[in-house]
Amino acid sequence: GESVGLHLPTLSVQEGDNSIINCAYSNSASDYFIWYKQESGKGPQFIIDIRSNMDKRQGQRVTVLLNKTVKHLSLQIAATQPGDSAVYFCAERSAGNMLTFGGGTRLMVKP
Amino acid sequence: GAVVSQHPSRVICKSGTSVKIECRSLDFQATTMFWYRQFPKQSLMLMATSNEGSKATYEQGVEKDKFLINHASLTLSTLTVTSAHPEDSSFYICSASQQGYSNQPQHFGDGTRLSIL
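Our subject in this report is the structure included herewith. From a predicted model like this one, the values you see are computed outputs, not experimental measurements. Numbering of residues begins from 1 in every chain and follows the order in which that chain's sequence is written. In the order they appear in the text, chains get letters beginning with A and ligands get numbers beginning with 1. Residue-level local features of this predicted model are given only where pLDDT is at least 70; pairs of side-chain atoms are given and counted only at 80 or more, and the full residue set underlies all totals for whole chains, interfaces and linings. Heavy atoms throughout the structure, all of them, feed into the side-chain values; hydrogens and water do not.

## Some words on the overall build of chain B
Per the secondary structure count, chain B includes zero helices and 11 strands. A helix here means a DSSP run of H or I that spans at least four residues, while a strand means a run of E at least two residues long, and both kinds are numbered starting from the N terminus. Across chain B, helices and strands are ordered from the amino to the carboxyl terminus as β-β-β-β-β-β-β-β-β-β-β. The C-alpha radius of gyration computed for chain B amounts to 13 Å, which stays within 12% of the reference 13 Å derived for 117 residues, consistent with globular compactness. Seen along its three principal axes, the alpha-carbon backbone of chain B occupies a region of about 40 × 25 × 20 Å. Counting all 117 residues of chain B, 50% fall into the buried class. In chain B, the proportion of contacts linking residues at least 24 apart, taken out of those at least 6 apart, comes to 54%. The globule rule is 2.2 Å times the number of residues to the power 0.38, and the radius of gyration it is compared with is taken over C-alpha atoms. Only protein chains enter the accessibility calculation, which uses a 1.4 Å probe; a residue whose area is less than 20% of its type maximum is buried, one above 50% is exposed, and one in between is partly exposed. Whether two residues are in contact is decided by their heavy atoms, any of which lying within 4.5 Å being enough.

## Things to note about the sheet that holds strand 3 (residues 19-25) of chain B
All names here are of chain B. In this scheme, strands are said to pair when DSSP sees at least two bridges between them. Spatial strand order, 1-3-8-7: four strands in an open sheet with antiparallel pairing. Of all the strands in the sheet, the pair left with one neighbour each is strand 1 (4-7) and strand 7 (67-73). Ignoring which end each strand starts from, the neighbouring axes of this sheet average 15 degrees apart. Two elements, strand 3 and strand 8 (residues 76-81), share six bridges in a ladder whose sense is antiparallel. Within the sheet, the bridge partner assigned to Glu22 lies in strand 8 and is Thr78. To define axes, lines are fitted to C-alpha atoms, for helices over the stretch in contact only, and angles between the resulting N-to-C directions are given on a 0 to 180 degree scale.

## Quick look at unusual backbone geometry
Going from His7(B) to Pro8(B), the amide bond is cis rather than trans, its omega being 0 degrees. For Arg61(A), which is not glycine, the phi torsion reads 70 degrees and is therefore positive. Mapped onto the elements of the fold, Arg61(A) is located in the loop between strand 5 (56-58) and strand 6 (62-67). In this model, Ala79(A) sits at a positive phi of 50 degrees, which is unusual for a non-glycine residue.

## Considerations on the pairing of strand 4 (residues 45-51) of chain A
Across six bridges, strand 3 (residues 32-38) of chain A lies against strand 4 of chain A in antiparallel orientation. Within strand 4 of chain A, the residue paired with Trp35(A) across the bridge is Ile48(A).

## Looking at the interface of chain A and chain B
Taken together, the contact between chain A and chain B spans 26 residues of the former and 22 residues of the latter. Carbon and sulfur atoms make up 56% of the area that chain A and chain B hide from each other, which totals about 1900 Å². The largest contributions to the chain A side of the interface with chain B come from Asn97(A), Met98(A) and Phe101(A), which together make up 23% of the buried area. Salt bridge, as used here: a side-chain nitrogen of Lys or Arg that lies within 4 Å of a carboxyl oxygen of Asp or Glu. Linking chain A with chain B are zero salt bridges. Residues adjacent in sequence count toward polar contacts only when both atoms are side-chain atoms; beyond that, a polar contact is any pair of N or O atoms within 3.5 Å, and within protein one must be able to donate a hydrogen and the other to accept it. Scanning the region where chain A abuts chain B turns up six residue pairs in polar contact (both at pLDDT 80 or more). Those elements that provide at least two residues to the side of chain A that touches chain B are strand 3, strand 4, strand 8 (86-94) and strand 9 (98-101) of chain A. Accessible area that two parts lose when put together, with a 1.4 Å probe and added across both, is what the buried area reports.

## Thoughts on the pairing of strand 5 (residues 45-51) of chain B
Two faces make up the sheet, and in a regular strand the side chains alternate between them. Residue and element names in this part refer to chain B. The element strand 5 is largely enclosed, with a buried count of six among its seven residues. Both strand 4 (residues 32-38) and strand 5 contribute to a ladder of six bridges, which runs antiparallel. Looking at the pairing, Trp35 lines up with Ala48 of strand 5. Taking the residues between adjacent antiparallel strands as the criterion, strand 4 and strand 5 are bridged by six residues, where Lys41 takes a positive phi near 60 degrees.

Quick look at the structure:
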């Protein structure tokens, strides 16, 4: 099933602080998870991905954590910058390379 | 990196008009492309999977005669919204994965904002 929200939850952080965005996924058979960043009027932009045989993966300033026991995914952004302000979506992949998107979280960075 | 281009970026037209949106993979070949629809403050909802050389696969509730998809080459898929009405106004986004690289993430176009008057 999908997670579609009528109202995007918002996370407001101070510039320089760390941000943590959470996501619950639904399909225990999903083998691949991706975080996307979407700025206003644009398409989703790939941030980081993780396979189901891993529980943590790090990129530049970003870390993704996967907890398969509770079907939970999180995105951590270190030293959040104003340019990080956007809507963040998690997505899970199922058969046929199809993606199911989470409801999204709006990140607002205060200078 | 893989680039997906969508055209046009914005369309405003009268009710009853048919609108064609193009999705191109610029530097890779894509056997499969995906079409999504996004309403304001909502997530992306998959409409259909576009397969090169064969019929598209539509998600439940999406009218195939309303949203015509053609994937005539490995770099181009088109979505035609036929006889568009105000309720079809939305943000339409396509994505593609590189052929033979199913373990890579989908790359998205920048979307088409469709406004039906």
